[in-house]
Amino acid sequence: MAQLSTNAKAMVSAVVNNADNKSTWTTSWHGAGAAEFDLRSDTMTKPTPLMLEAICQTTLLDDVFNEDPVTNEFQEHVAEITKHEASLLVLSGTMGNQVAIRSHLAQPPHSVLCDYRSHIICYEAGGVSAWTGATVQTVTPKNGVYLTLEDVKKHAVLDDDIHHCPTKLISLENTLGGTIMPLAEAKRIVEWAHSNDIKVHLDGARLWEAVVAGAGSLPEYTSLFDSVSLCFSKGLGAPMGSIIVGSKDFIKKARWFRKSIGGGARQTGVIAAAAWVALDVTFGTDPNGQTGKLAATHEKAKRVADLWTNRGGKLEHPVDTNMVWLDLEASGVGPNDLAEIGKEKGLQLLGGRVVIHYQVSDEAISRLEQVFDAALKGDFKRSEDTSKPYGSR
Ligand SMILES: Cc1ncc(COP(=O)(O)O)c(C=O)c1O
């Protein structure tokens with residue numbers, strides 16, 4: 001094992017570059033395990049021996065007191081690569097979004113504008129209304145894919161008519177359900193918002209994917225926004241942890257709100273160390289994520305889409321990144337059929353969304369092919385259960 005280093009960046013590089021030295025780790029950390037066959041979400045990854053090694057070598061001081069070196073260095077590193085003044089490690093993507101949104105807002109009357117499918121409004125347990133008292137204006141993109149400035153202008157409230165609720169924050173999401181919001185459109189929206197004294201937050205839990213797909217570099221996207229939340233435990237594969245980036249004043253306030261919701265954790269070096277390995281190994285050390293492992297997941301996702309459409313299946317959306325949305329209804333397949341057939345093949349599936357993460361194996365894809373065969377040939381008895389498939393997004 002490499003020497004414990006007081007320099008976190010050097011420690012992480014030593015761990016990553018010394019990958020042949022893992023025989024001492026318990027076997028439960030080796031291999032993808034069940035994650036190999038789990039296509040429900042890119043949260044379903046298994047932490048790696050490299051992450052464990054970084055955890056073993058991390059610093060273990062108190063982050064509520066701001067004293068943990070690895071956490072502090074990691075926060076500085078992420079601020080630097082995203083071209084922001086500061087950053088704050090949080091426990092989850094939901095915590096990142098909610099703390100960021102709360103930190104931007106003062107008090108009602110105020111409203112937050114977002115896409116109607118946004119995670120912040122559909123899957124965060126009503127946090128925005130609970131923490132901020134804001135009205136949420138959900139907008140349906142006219143192009144069916146991503147919000148444009150025209151959508152935003154049509155719904156934003158700029159006046160001070162007492163019947164209305166002024167828009168104080170726009171919250172965008174990229175990728176949203178695996179689809180990309182182009183950099184140029186994000187720029188138009190942010191420029192317009194700023195000229196109208198509106199802040200813009202980006203839920204960038206999966207921004208990594210848009211970057212790797214070539215939509216723009218990490219700093220090109222992140223530097224546009226007043227705040228961005230980024231997740232290490234989605235496609236990147238860390239066991240936990242997200243981060244928010246923004247100005248020093250914003251992060252100071254966010255630290256306060258993070259504490260108020262119980263997010264002030266103590267020996268966070270264990271989170272930061274594993275997250276740093278995930279960032280360097282899975283996304284890569286370059287601003288375009290071309291040295292990491294995500295690009296291969298996009299190719300696999302396209303392969304899955306082809307396997308489906310070649311058998312006559314229909315898609316809900318084109319495949320931009322690592323998610324494939326199968327249009328089950330248009331393809332004559334019941335909502336839970338794939339999950340049921342998948343079970344017989346040892347695959348975990350959820351509704352019509354297939355998500356590829358870097359630990360999904362070729363064997364999983366060939367089993368998926370068999371699932372598609374069974375579902376689309378029509379000799380599978382459609383499942384009686386038509387309840388809406390539910391799951392972590
Ligand atoms: C776009 C997006 N934002 C935020 C989150 C929340 O992350 P977490 O599950 O870590 O709270 C998710 C979760 O999948 C997500 O997909």
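Thresholds applied
Residues numbered from 1 in each chain as written. Predicted model: local features only at pLDDT ≥ 70, side-chain atom pairs only at ≥ 80, totals over all residues. UniProt positions renumbered as here; feature names shortened; annotations may be inferred. Helix = DSSP H or I, 4+ residues; strand = E, 2+ residues; numbered from the N terminus. Buried ≥ 20, exposed ≤ 12 C-beta atoms within 10 Å, placed from the backbone. Contact = placed C-beta atoms within 7 Å. Near = placed C-beta within 6 Å. Nonpolar A, V, L, I, M, F, W, Y, C, P; charged D, E, K, R; others polar. Right-handed = clockwise from strand over helix to strand, strands pointing away. Pairing = 2+ DSSP bridges. Axes fitted to C-alpha atoms, helices over the stretch in contact; angles between N-to-C directions. Domains from an automatic or database assignment. Core = buried A, V, L, I, M, F, W, Y, C linked by C-beta atoms within 7 Å. Arc of directions from axis to C-beta.

- As annotated in an unreviewed UniProt entry, the protein chain carries the name Aromatic amino acid beta-eliminating lyase/threonine aldolase and comes from Penicillium bovifimosum.
- Under the UniProt heading Sequence similarities (unreviewed entry), the note attached to the protein chain is "Belongs to the threonine aldolase family."

**A few points about the overall build of the protein chain**
- Along the protein chain, the regular secondary structure elements total 15 helices and 10 strands.
- A principal-axis box enclosing the C-alpha atoms of the protein chain has dimensions of 60 × 60 × 35 Å.
- Within the protein chain, the proportion of its 393 residues that are buried is 50%.
- Long-range pairs, those at least 24 residues apart, make up 74% of the contacts in the protein chain between residues at least 6 apart in sequence.

**Some words on the site of the ligand**
- Around the ligand, the structure places 15 residues, and the nearest of them are Ser92, Gly93, Thr94, His119 and Ala205.
- Ranked by the residues each element gives to the shell around the ligand, the list is headed by helix H4 (residues 93-104), at 3 residues.
- Across the shell around the ligand, the residue classes break down as 2 nonpolar, 9 polar and 4 charged.

**Some remarks on the pairing of strand S5 (residues 199-204)**
- In terms of burial, S5 is largely enclosed, as 6 of its 6 residues are buried.
- Alternating positions in S5 separate into two faces, Lys199, His201 and Asp203 on one and Val200, Leu202 and Gly204 on the other, with burial throughout.
- Considered for its hand, the β-α-β crossover made up of strand S4 (residues 167-173), helix H8 (residues 183-195) and S5 is right-handed.
- Where S5 meets strand S6 (residues 227-231), 4 bridges bridge the pair, whose relative direction is parallel. Paired with Leu202 across the strands is Val228, a residue of S6.

**What about the sheet that holds strand S8 (residues 314-315)?**
- A sheet is described by the order of its strands in space; here 3 strands give the open sequence S8-S9-S10, paired in antiparallel fashion. Edge positions in the sheet fall to S8 and strand S10 (353-355), since each has one partner strand and no second.
- Two strands pair when backbone bridges link them, and strand S9 (residues 323-327) and S10 are joined in this way by 3 bridges, in the antiparallel orientation. Looking at the pairing, Met323 lines up with Val355 of S10.

**Comments concerning the UniProt feature "modified residue: N6-(pyridoxal phosphate)lysine" (unreviewed entry) in the protein chain**
- Here, UniProt's "modified residue: N6-(pyridoxal phosphate)lysine" (unreviewed entry) annotation points to Lys234.
- Mapped onto the elements, Lys234 comes out in the loop between S6 and strand S7 (242-246).
- Apart from residues lying up to four places away in sequence, Lys234 is in contact with Asp42, Thr43, Ala205 and Arg206.

**Details of the sheet that holds strand S1 (residues 86-90)**
- If you walk across this open sheet you meet the 7 strands as S1-S7-S6-S5-S4-S2-S3, and the pairing is mixed. In the strand order of this sheet, the two ends are held by S1 and strand S3 (135-139), each with one partner. Neighbour to neighbour, the strand axes of the sheet diverge by 20° on average, direction disregarded.
- Contacts from H8 reach S4 and S5 within the one sheet, and its direction differs from that of S4 by about 170°.
- In this fold helix H11 (residues 248-260) packs onto S1, S6 and S7, with an angle of close to 20° to the strand it touches most, S1.

**A word on the pairing of S6**
- Burial runs high along S6: 5 of the 5 residues are buried.
- Alternating positions in S6 separate into two faces, Ser227, Ser229 and Cys231 on one and Val228 and Leu230 on the other, with burial throughout.
- Bridge analysis of S6 against S7 gives 4 bridges, and the strand direction is antiparallel. Within S7, the residue paired with Cys231 across the bridge is Ser242.

**Digging into the UniProt feature "domain: Aromatic amino acid beta-eliminating lyase/threonine aldolase" (unreviewed entry) in the protein chain**
- Here the UniProt feature "domain: Aromatic amino acid beta-eliminating lyase/threonine aldolase" (unreviewed entry) sits at residues 38-329.
- Taken end to end, residues 38-329 is 41% helix and 15% strand, and its two terminal C-alpha atoms sit 23 Å from one another.

**As for the domain arrangement of the protein chain**
- Each assigned domain of the protein chain is listed here: domain 1 (58-283) and domain 2 (294-377).
- Averaged C-alpha coordinates put domain 1 and domain 2 at centres separated by 29 Å.
- Taken together, the 14 residues of domain 1 in the interface contact 12 residues of domain 2.
- Elements represented by at least two residues in the side of domain 1 that touches domain 2 include exactly helix H9 (207-212) and helix H12 (269-283).
- Residues that form the side of domain 1 that touches domain 2 fall into these classes: 6 nonpolar, 7 polar and 1 charged.

**A word on the nonpolar core**
- Counting 84 residues, the largest nonpolar core has Ala54, Ala274, Ala275, Val277 and Ala278 as the members making the most contacts within it.
- The leading source of residues in this core is H12, at 12 residues.
- For this core, the two domains that each supply at least three residues are domain 1 (58-283) and domain 2 (294-377).
- Beyond its immediate sequence surroundings of up to four residues, Ala54 is in contact with Val12, Val15, Ala273, Ala274, Trp276 and Val277.
- Judged by nonpolar contacts, the second largest core, of 28 residues, contains Ala339, Val355, Val360 and Phe372.

**Observations regarding helix H1 (residues 8-17)**
- Regarding H1, the residues found buried are Ala8, Met11, Val12 and Val15. Looking straight down H1, one finds that the buried residues subtend no more than 95° of arc, so they occupy a single side.
- On its buried face, H1 sits against helix H2 (49-57), helix H3 (69-81) and H12.

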